[in-house]
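# Report on the structure
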Amino acid sequence: MIEDANTLESGTRLETDLCIVGAGAAGITLALQFEHRRERVLLLESGGLRPERATQALYEGAIAAGSPHPPLARYRRRVFGGSTQIWGGRCVPFDPIDFETRPWAPGSAWPFSYADILPFYENAAELCETGEFAFSAPAAFPAGMQNPLFPSGLDHFSETSIERFSCPTNFAARYGRRLKAARNITVLLHANATEICTTADGSAVAALSVKTLAHRHLVVHAKNTVLAAGGLEVPRLLLVSRDRHPHGIGNANDQVGRNYMTHIAGTIGEITLPAGAPRPIFYQRAADGAYCRRRFALTETAQRELQVGNFIARLHHPRLHDPAHRTGALSAVFLAKPFIGFEYASRLHGQTRLSIAARVAHARNILGDLPGVAAFAAHWLRHRTLAARKFPSLAVHPRHGRYSLDFHAEQAPNPESRITLTDAYDALGLPKIHLDWRPSEADFRTVGISLAALASDFAKSRCASLHYDPADVAISVVRDGAYGGHHIGTARISLSPRDGVVDANCRVHGMKNLFIAGSAVFPSSSQANPTLTIVAMTLRLAERLMQKEKEEVLF
Amino acid sequence: MASGAMRLPGCAADERVVVLGGSGFVGRAILRALAEAGFHPVSAHRNPRLAPHSMGSDDFEHQACNAKNPEALMRVLRGAGCVVNAVLGDAATMVAASRALAEAAAAMPACKLVHISSMAVYGNAGGLVAESAPLRGSSRYAAAKIACEAALAGTGAIILRPGLVYGPGGEQWAGRLFRLLRAGRLGDLGEHGDGRCNFVHARDLGAAVVAALHNPLAAGHAINVAHSSAPRWNQVLLRGARAIGAVPAARIPGWRLNAETRLFAPPLYAVQKLAGRRGLPEPITASLRGLFAQDITLDHRLADRLLGFGRTPPLQGLAECAGWFIETYGIARQQGLLF
């Protein structure tokens, strides 16, 4: 059932078996695993069924001076469904190497291997509606994937790696009906967890303090509590909960909020195809209906050899602001920037301000390519606007035939990249966060060396040429800001409380009944977008919780 | 109404078993299972002229019989140790046949009785549904099935409540679904396809009937017949689309389902009622749509205990049906989208 906390009397005490804080991808996934079971589940959601300005403002906070990180209320949504309401839908699993101990990437090892999470990926792919768990071209397209750009046998890069796309699935719209129908699950809207209160010895959650913006104050007593509020709010809630933990829960070793990672992403260079080469293909649909896209993935062997982080790159349209692409559709999208949501426009266009001459040139592109603009608009309308499974992104072939390269690389954990609390407070009386995102030299090195390897592979195979200015690498990394929406590592998994916040089962070190779901627990960021792994890790957590029930009869 | 006659223990292996409605898809499957189990099956159906065609290559004894007439039934049942009621038709026919059977059974207490009911009797129930659940089906078909069960109450009849009976040759749950998938009118239904698909292979239903006839403890019980795992409809539809080559599978938005059920289905259904299919597209009715979303799983534990028959995993059975469909109707034209 779905209820509103504002309809409850202040002081109401809610008893449940499992309390989940946050109804986004992780929270909804976790609740669904308990559907039709005997345990009572309470899923707390700060927002309502639709976005609300006052609720969204609870996300606001401060960013370190000069940091290219986007505003904290951007790229995430405080509403039922969470940020799945705005995500792009790209689904990629982590790679086995991401879990390993890599001497050149200190602090990035997981306390378990890829094999431990692999069994959960298939179900995660189903929940994310991204089709089968098949992320290589031969597996996803047994009859062959069409893309003449990609030859086999590159020295450093795999040509068979693919990424799949969700619809993109809004978890609230997709699974809300099931949650509503489940008799053992209650979704409580407008319910903000504001403090975790612990038992006298501080070793377990005794109660959860919950407030609404309409000044209701509720108390939740749960046998187990799972924080699934995202990589920025989870450390915030841990840090503000100081009744018996003077530095915050799980923070005895000053680990909460540290090692904040996003991804090192950007667009760079120019890719030219050989004369007469067929036009490359951006997307192809698998038999299960999911859109798939090939990319260049730095092999694990190459990562070891080059001693760099994980890295992938994709063929991309040229940067839109430069009208030299002579492509009406690209110019039209560029000029339509004011009508495109912040999260999408920022990645599409960056922060470039245009001269009048450039605007005129864009207009000329449109007028000179009206059939191309019309075809693009018709395709967009049919396959994006009206489609239930949406065409994933802008995919337009430039008329001048020169593409750019879009890269997405691992950010190494850096303890100085962190979240702390400020002295400013939100409308609920919670301290706001201060975010200091810091890419490191290792990150620039990963991108620089990987790009050089890719250019070398291209040149050797003669499938294309990649030209870029190595001096432009650092600029390209920060030009569009930190990669929005990927909030990773702020409550990392570790074997020892000295090195992280949760154990291998995602239980907060030193706490008997407090768990964390979501990318906050990831010790490394991989090249992969986090959502699929968030869902897989949540399924793993659900299994652990059910196991815990069996072993300890805690429910 | 029949009195509460005591049924005899399980039937002998070579016993004569009459299957009412033996010309239908379900009836034929039961006849085959009975024959394989060593019974002497007799197909009783209203129109004997349909028999040779509908029976295919199976060679069973046929008897013409108006199942709504108790005297006619008694004539056909003479000498039979068991009777299986698989009559399908309009609501009035099914109910009248059940009442006639109850009357005939009262006069022939030694004849063991199995009645094929349906999961439809549970209506829009959700979750794990056991046989003790209230019978709240409100559609005409469900109401008729509930009335049939009521008519046979006290006769000691074994009531089998199967899920959706499918199999190669089954037009309702194989041919129709595959045609809709091939036309791109069904596919991944998203939130509208989260219901559970309680498929029962026709062969398995036949095995359940045989097991019911063999076990005297089954007498008087209502028993769900379903596979222990009911996949979600989306999974079934996606597998089905792949199996017949209707790929990439379409994602059907809610507005299209609305248009199908509210705009197109009523006139299509009306025309087909009046004039037959005649090549017209099949309607996606509101009840079919509701089924795709119904999160119901038939509790199979009583069947496990009393009948213990082997069951075909639904997705395996689906692949079998796809083979039949391709052989009968050809493979779908593959579509692709490259950009």
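## Things to note about the overall build of chain A
Helix and strand counts for chain A come out as 15 helices and 21 strands. Rg of the C-alpha trace for chain A: 23 Å, near the compact-globule value of 24 Å for 555 residues, within the 12% margin. In terms of its C-alpha atoms, chain A occupies a principal-axis envelope of roughly 75 × 50 × 45 Å. Across the 555 residues that make up chain A, the buried fraction comes to 61%. Pairs at least 24 apart in sequence give 75% of the contacts found in chain A among residues at least 6 apart.

## Focus on the sheet that holds strand S13 (residues 284-285) of chain A
Pairing between the strands of a sheet comes from backbone hydrogen bonds, and it takes one of two forms, parallel or antiparallel. Sheet architecture is open: 4 strands sit in the order S5-S7-S14-S13 (chain A), paired in antiparallel fashion. With one partner strand each, in any of the chains shown, strand S5 (90-91) and S13 of chain A form the two edges of the open sheet.

## Focus on the interface of chain B and chain A
Each partner contributes residues to the interface: chain B has 22 residues there, and chain A has 29 residues. Interface area, chain B with chain A, both sides summed: about 2,200 Å², of which 51% is carbon and sulfur. Our count for the contact surface shared by chain B and chain A stands at 7 salt bridges. Where chain B meets chain A, there are 7 residue pairs in polar contact (both at pLDDT 80 or more). Ranked by the residues each element gives to the side of chain B that touches chain A, the list is headed by helix H8 (residues 233-243) of chain B, at 3 residues.

## Let's talk about the pairing of strand S16 (residues 311-316) of chain A
Residues and elements named next belong to chain A. In terms of residue burial, S16 counts as a mostly covered element, since 6 of its 6 residues are buried. Here S16 shows no split at all, with Phe311, Ala313 and Leu315 on one side and Ile312, Arg314 and His316 on the other all buried. Sheet analysis places strand S15 (residues 296-298) next to S16, joined by 2 bridges and oriented antiparallel. Bridging across to S16, Phe296 finds its partner in Ala313. Inspection of the sheet shows S16 paired to strand S17 (residues 402-410) by 6 bridges, in the antiparallel sense. Looking at the pairing, Phe311 lines up with Ala409 of S17.

## Digging into the confidence of the model for chain B
All names here are of chain B. Looking at chain B as a whole, its pLDDT mean stands at 87, while 89% of the residues score no less than 70. Confidence over residues 1-9 falls short of pLDDT 50; this stretch has 27 contacts with residues more than four positions distant or in other chains. The complex model carries a pTM of 0.90, and its ipTM stands at 0.85.

## Things to note about the domain arrangement of chain A
Domain parsing of chain A yields domain 1 (2-98 + 169-262 + 414-437 + 488-554) and domain 2 (328-388). Here the C-alpha centroids of domain 1 of chain A and domain 2 of chain A sit 37 Å apart.

## Details of the packing of aromatic side chains
Residues and elements named next belong to chain B. All told, the structure shown has 29 aromatic pairs over all chains when counted by the stated rule. Ring centres of Phe325 and Tyr329 lie 4.8 Å apart, and the angle between their planes is 40 degrees; this geometry places the pair in the tilted category. In this pair, Phe325 and Tyr329 both sit in helix H12 (residues 314-329), 4 residues apart, roughly one turn of the helix. Judged by its relative accessible area of 0%, Phe325 is buried.

## Remarks on helix H12 (residues 370-385) of chain A
For the α-helix, the turn length of 3.6 residues means that residues three or four positions removed from each other point alike. Residues and elements named next belong to chain A. Along H12, the positions that sit buried rather than exposed are Val373, Phe376, His379, His383 and Arg384. Angularly, the buried residues of H12 cover 130 degrees about the axis, an arc narrow enough to put them on a single face. Relative to its buried face, H12 has exposed residues pointing more than 90 degrees away, namely Pro371 and Arg382.

## Thoughts on the pairing of strand S10 (residues 222-225) of chain B
Residues and elements named next belong to chain B. The alternating pattern of S10 places Ala222 and Asn224 and Ile223 and Val225 on opposite faces, both of which are buried. Of the strand pairs in this sheet, strand S7 (residues 158-162) and S10 are connected by 4 bridges, and their pairing is parallel. Considered in S10, the bridge of Ile159 is made with Ala222.

## A look at the nonpolar core
Leu44(A), Leu238(A) and Ile516(A) are the most contacted members of the largest nonpolar core, which totals 91 residues. The next biggest cluster of nonpolar side chains, apart from the first, holds 75 residues, and it includes Ala33(B), Leu186(B), Ala211(B) and Ile296(B).

## Here we look at the packing of helix H9 (residues 328-335) of chain A against helix H11 (residues 356-367) of chain A
All names here are of chain A. Two numbers describe how H9 lies on H11: the axes approach to 7 Å, and their chain directions differ by 135 degrees. As far as their axial angle goes, H11 and H9 are oblique. By crossing handedness, the relation of H9 to H11 is classed as left-handed. Seen from H9, the contacting residues are Gly328, Ser331, Ala332, Phe334 and Leu335; seen from H11, they are Arg359, His362, Ala363, Asn365 and Ile366.

## Digging into the side chain of Arg418(A)
Within the element layout of this structure, Arg418(A) appears in strand S18 (residues 418-425). If we skip the residues at most four places from it in the chain, Arg418(A) touches Asp254(A), Gly257(A), Arg258(A), Tyr260(A), His434(A), Leu435(A) and Asp436(A).

## Section: the environment of Thr297(B)
Inspection of the secondary structure puts Thr297(B) in strand S11 (residues 296-298). Among all residues touching Thr297(B), those that are not within four sequence positions of it are Gly127(B), Leu128(B), Val129(B), Arg196(B), Asn198(B) and Ala230(B).

## A few points about the side chain of Asn234(B)
Relative to the helices and strands, Asn234(B) is located in helix H8. Relative accessible area serves as the criterion here: at 8%, Asn234(B) is assigned to the buried category.

## Observations regarding the sheet that holds S17(A)
All names here are of chain A. The strand order S6-S15-S16-S17-S12-S20 describes an open sheet built from 6 strands, whose pairing is antiparallel. The open sheet has two edge strands with one neighbour each: strand S6 (157-158) and strand S20 (465-467). Relative to S20, strand S12 (residues 263-272) runs antiparallel, the two being bridged by 3 bridges. The residue bridging Glu270 from the neighbouring strand is His467, located in S20. Packed onto the sheet, helix H13 (residues 441-461) meets S6, S12, S15, S16, S17 and S20 and runs at close to 140 degrees relative to S17.

## Regarding unusual backbone geometry
Of the consecutive residues Cys167(A) and Pro168(A), the connecting peptide bond is found in the cis state with omega at 0 degrees. For Pro168(A), the location among the structural elements is in the loop between strand S7 (162-165) and helix H6 (171-181). A cis amide bond links Val247(B) with the next residue in sequence, Pro248(B), at an omega value of -5 degrees. Topologically, Pro248(B) is positioned in the loop between H8 and helix H9 (254-275). Phi is positive for Tyr75(A), which is not a glycine, with a value near 65 degrees. Looking at the element boundaries, Tyr75(A) is found in the loop between strand S4 (62-63) and S5. Backbone geometry at His190(A) places phi at a positive 60 degrees, although glycine is not the residue there. Mapped onto the fold, His190(A) is located in the loop between strand S8 (185-189) and strand S9 (192-198). Using a relative accessible area of 14% as the deciding quantity, one classes His190(A) as buried.

Parameters and conventions
- Residues numbered from 1 in each chain as written.
- Chains lettered and ligands numbered in written order.
- Predicted model: local features only at pLDDT ≥ 70, side-chain atom pairs only at ≥ 80, totals over all residues.
- Heavy atoms only, no water.
- Helix = DSSP H or I, 4+ residues; strand = E, 2+ residues; numbered from the N terminus.
- Rg over C-alpha atoms; globule rule 2.2 N^0.38 Å.
- Buried < 20%, exposed > 50% of the residue type's maximum accessible area, 1.4 Å probe, protein only.
- Contact = heavy atoms within 4.5 Å.
- Pairing = 2+ DSSP bridges.
- Buried area = accessible area lost by both parts, 1.4 Å probe.
- Salt bridge = Lys/Arg side-chain N within 4 Å of Asp/Glu carboxyl O.
- Polar contact = N/O pair within 3.5 Å; in protein donor to acceptor, adjacent residues only side chain to side chain.
- pLDDT = per-residue confidence, 0-100.
- Domains from an automatic or database assignment.
- Phe/Tyr/Trp six-rings, centres within 6.5 Å; stacked < 30°, edge-to-face > 60°.
- Arc of directions from axis to C-beta.
- Core = buried A, V, L, I, M, F, W, Y, C linked by side-chain atoms within 4.5 Å.
- Axes fitted to C-alpha atoms, helices over the stretch in contact; angles between N-to-C directions.
- Parallel < 35°, antiparallel > 145°, perpendicular 65-115°, else oblique.
- Left-handed = near helix turned anticlockwise from the far one by under 90°.

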